[in-house]
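Structural description and commentary
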Amino acid sequence: MSSPRLLVLFGSQTGTAEDVAERLGREARRRRLGCRVLALDSYPVVNLIKEPLVIFVCATTGQGDPPDNMKNFWRFIFRKNLPPTALCQVDFAVLGLGDSSYTKFNFVAKKLHRRLLQLGGCALLPPCLGDDQHELGPDAAIDPWLHDLWGKMLELYPVPPGLSVIPPGVLLPSKFTLQFLQGLPRTEEQPEPMADPQGAPSELQPFLAPMVSNQRVTGALHFQDVRLIEFDITGSGISFAAGDVVLIQPENSASHVQRFCQVLGLDPDQYFTLQPREPDTSRPARLPVPCSVRHLVSQYLDIASVPRRSFFELLAGLSPAALEREKLLELSSARGQEELSDYCTRPRRTILEVLCDFPHTAGAVSPDYLLDLIPPIRPRAFSIASSLLALPGRLQILVAVVQYRTRLKEPRRGLCSSWLASLDPGQGPVRVPLWVRPGSLAFPETPGTPVVMVGPGTGVAPFRAAIQERVAQGQTGNVLFFGCRHRDQDFYWEAEWRELERRGCLTLVTAFSREQEQKVYVQHQLKVLGPLVWRLLDSHGAHFYLAGNAKAMPADVTEALTSIFREQGGLSGPDATSYLTRLQRTQRFQMETWA
C-alpha cells in the first residue's frame, strides 16, 4: 500500500510559520512521504474531509488573532453547522508559534486543536507550543515535538521497501530550475504591477501610488526619524475607512543588490525563466516572465532579513568548502542553537552578511536554490493616518524609521521604513506599490457614540484617521490620550489637535514623559481622568481603543482601566476584570499593537 500524501497547511504573519512548514515538507520528503505545503487560505478547505494526514502550522498574532492568510479558513472551520464527524477520516497535528509574554500565548493553535477534535479528527500528538521568549526560540519546543511526530508517522506509514530515509547531509532537489536566456533584448519586464488595475488593488496587483510628500515630523534633537508620507491614490479603486491598514511592498537597496550579485557571481542583467520541478508547485506570482536577476534580488529575495536555522542547513548542503561546511552544519544543528543565536539572532546579522562571511560557499550556490534558500520580501502594514472624507484621493501614513545599533559595525535598518525614508518626490516622480485591507480596529457606526482613544507615539496614527472621519460626519465625543517624550520634538499633529479642541470637536489629554523628573505616561493620565473615562464607558456607552507598542503599554493601560473600574465604579477586583472582559467581547474595547 502506498504512503498517503501529507498536507502541511500554514498560517503565517511574519514568515516564521511558513519557514517551519517548509521544514516539515523537506523532512517529509526525506522520509519518502509525498508532501504539499500551502497557506491555509490558498487551500480549498471543503477538501479537508478527504485528506488522510494534515499538519497545521499556525502563528498567533496581535491579541490572540489568526494570521491574515488563514482568516477565511478560521471563519469556515468554526461554522456552527459543521457536523461532529466531518473530519473523522483525518489524522492531524497542530504546531503553534507564539510569544509567552502575551496573555493569549499560542491561542490560535490551542483553539484550532480543540476544534479539530470536536469535528472528529484524530490527533497524532498534543499541540506543539513554540515560544519566541525561550532563549533558543521556538525550536526549543519544535525539535523534540518533531522527533516524536516523525516516530509516530514512521510507525503508521513506514518507508517503502527497498528505500531508506534520506540522511540530512544529502541535498534534496531544488523547487525550481532557473533557465537563463541568451541574447534577450533589454526590454521592460512583463507583467509589472499596473498603475491603474482593474478592481481593488491587491498583493498580486498593487497600485503604483505616486508619493506626494515625505516629511520628517520629529525635531532635529529627537532620537528617531519619523515621517509623515502622503500618497495620491486618485483613480486607484482604493477605498478605506478609519482603522484600515495599507500594505507596502519594499525593495532592497541598490548597494545591497550589487553586493549580493558580486558575492554569488551573478550577472544582474541576465534574464531567466523559472521551471517548477514538481507539477503541483506553482511559480511565484509576483515574478515577471521572463525575469531579470536584478528584479529577483531587488524586489523578491529578502536578503536583508535575519536568516533562520533552515537557511544554514541548506547552505551547508550547498557548500564545497570543508571548513565553512563544518561551521554551517554546527550552526544548523540542535546543539548549535546557542551559538547561532549569538552569531545571528541577537546581533541581527542579515542573509547578505552571512553570505559574505562564507564566501567560498556563497560563490558556489547554484542559482536553482535561490528561492529555497532565501524567503520572499514580505509586505509591511501601516495604519492609515488620514480619512478620505477629509483628504479625498489621498492616503497618509506615519512611519518611524527603524535604525539601531548592535555589536556589528553597520547600524541595523528596517528594510521598508529605510527604503521609504530614502524616497524623495522632490527629486522626481516616485511610485510605491501598495494596497489596502481592513485593520483590527472598527469604529462605532451609531451616531452619538463617544470614543476614548489611547495612542502614544506613532500609535496615534489610526486615531488621526478616526477623528478626521468622525469630525467630517459631525460626530463629537472624541477623547484622545496622546503620549510622547517632548512637546517640541515628537508631538505629532499638535496644531491640528489644538484647532479641533478650539472647535469643540476633541478632548485632548497629553502625557510628555521626559518633561519632568517623574515620567508621566498615558496610563497615568487615564487614572487622573478616571471619573470622565468611567462616565463615558458606563453611562454613555463609549468605545475604548488602544494602539501602539505591544511591549508594556497595553498591560499598563489595561491595569489603569481596571483600577478606574474599581475606584470610580465601586467594583470588586473580579467584577472589574469581568467588566473589562465584557467590553472586549462586545467590541467596545479594541486594541491594535505591534512588536
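Residues numbered from 1 in each chain as written. Predicted model: local features only at pLDDT ≥ 70, side-chain atom pairs only at ≥ 80, totals over all residues. Heavy atoms only, no water.

Within an unreviewed UniProt entry, the label attached to the protein chain reads NADPH-dependent diflavin oxidoreductase 1, and the organism entered is Orycteropus afer afer. Listed in UniProt under the heading Subunit (unreviewed entry), the comment for the protein chain reads: "Interacts with CIAPIN1; as part of the cytosolic iron-sulfur (Fe-S) protein assembly (CIA) machinery. Interacts with DCPS." Per UniProt, the comment on the protein chain under Subcellular location (unreviewed entry) is "Cytoplasm, Perinuclear region". (UniProt positions renumbered as here; feature names shortened; annotations may be inferred.)

This part takes up the overall build of the protein chain. The helix and strand tally for the protein chain stands at 19 helices and 22 strands. Against the 2.2 N^0.38 benchmark of 25 Å for 595 residues, the protein chain shows a C-alpha radius of gyration of 26 Å, consistent with a compact globule. A buried classification covers 51% of the 595 residues belonging to the protein chain. Summarising the internal contacts of the protein chain: among those between residues at least 6 apart in sequence, 76% fall at separations of at least 24. Surface accessibility of the protein chain: about 27500 Å² in total, with carbon and sulfur atoms responsible for 52%. A gap of 3 Å separates the mean positions of the 62 positive and 61 negative side-chain charges of the protein chain. (Helix = DSSP H or I, 4+ residues; strand = E, 2+ residues; numbered from the N terminus. Rg over C-alpha atoms; globule rule 2.2 N^0.38 Å. Buried < 20%, exposed > 50% of the residue type's maximum accessible area, 1.4 Å probe, protein only. Contact = heavy atoms within 4.5 Å. Areas by Shrake-Rupley, 256 points an atom, 1.4 Å probe, with all protein chains shown as cover. Lys, Arg positive; Asp, Glu negative; His and termini not counted. Charge placed at Lys NZ, Arg CZ, Asp CG, Glu CD.)

To continue, consider the state of the cysteines. Here the structure, examined in full by the defined rule, presents 0 disulfides. The thiol of cysteine 261 is not disulfide-bonded; the next cysteine sulfur, from cysteine 291, is found 11 Å away. (Disulfide = S-S within 2.5 Å.)

This paragraph deals with the side chain of arginine 30. Looking at where arginine 30 falls in the secondary structure, it is placed in helix α1 (residues 16-30). For the buried arginine 30, no salt bridge exists, and the shortest N-O distance to an oppositely charged side chain is 4.9 Å, to glutamate 313. (Salt bridge = Lys/Arg side-chain N within 4 Å of Asp/Glu carboxyl O.)

The positions UniProt marks with the feature "domain: FAD-binding FR-type" (unreviewed entry) are residues 204-445. Between the end C-alpha atoms of residues 204-445 there is a gap of 32 Å, over a span that is 30% helix and 21% strand.

Moving on: the environment of isoleucine 166. Inspection of the secondary structure puts isoleucine 166 in the loop between α4 (139-156) and β7 (176-181). Measuring from C-alpha to C-alpha, the distance between isoleucine 166 and serine 282 comes to 25 Å, with 116 residues separating the pair along the chain. Apart from the residues lying within four places of it in its own chain, the contact partners of isoleucine 166 are Arg29, Arg30, Arg32 and Leu172.

Before going further, it helps to examine the side chain of serine 333. Tracing the sequence through the fold places serine 333 in the loop between α8 (322-332) and α9 (337-345). The exposure class of serine 333 is buried, given its relative accessible area of 13%. Polar contacts involving the side chain of serine 333 include one to the main-chain carbonyl oxygen of glutamate 330, which spans 2.7 Å. (Polar contact = N/O pair within 3.5 Å; in protein donor to acceptor, adjacent residues only side chain to side chain.)

With respect to the helices and strands, the residue cysteine 356 is situated in helix α10 (residues 351-357). On the accessibility criterion, cysteine 356 (27% relative accessible area) is partly exposed. Ignoring any residue separated from it by four or fewer positions in sequence, one finds cysteine 356 in contact with Arg259 and Val263.

Looking now at the nonpolar core. In terms of nonpolar packing, the biggest core is built from 41 residues, with Phe260, Leu264, Leu296, Leu301, Phe312, Leu355 and Leu370 touching the most fellow members. The biggest single contributor to this core is helix α7 (residues 309-318), with 6 residues. Once residues lying within four places of it in the same chain are set aside, the contact partners of leucine 370 are Phe260, Leu264, Leu266, Leu296, Leu301 and Val365. (Core = buried A, V, L, I, M, F, W, Y, C linked by side-chain atoms within 4.5 Å.)

Moving on, we get to helix α14 (residues 461-472). For α14, which comprises 12 residues, the first-to-last C-alpha distance of 17 Å matches the rise-based estimate of 16 Å (1.5 Å per residue) to within 8%. The element α14 is extensively covered by neighbouring structure, given that 11 of its 12 residues are classed as buried. Looking only at α14, the buried set comprises Ala461, Pro462, Phe463, Arg464, Ala465, Ala466, Ile467, Gln468, Glu469, Arg470 and Val471. Of the residues one or two after α14, glycine 474 is the one with positive phi, at around 80°. (Expected span 1.5 Å × (residues − 1).)

A separate point is unusual backbone geometry. For the peptide bond that leads from valine 289 to proline 290, omega is -10°, which places it in the cis range. If you trace the backbone, proline 290 turns up in the loop between β11 (271-276) and β12 (291-292). One non-glycine residue, arginine 348, adopts positive backbone phi at about 60°. By relative accessible area, arginine 348 is classed as partly exposed at 33%. With a phi close to 60°, tryptophan 493 is a non-glycine residue in the positive phi region.

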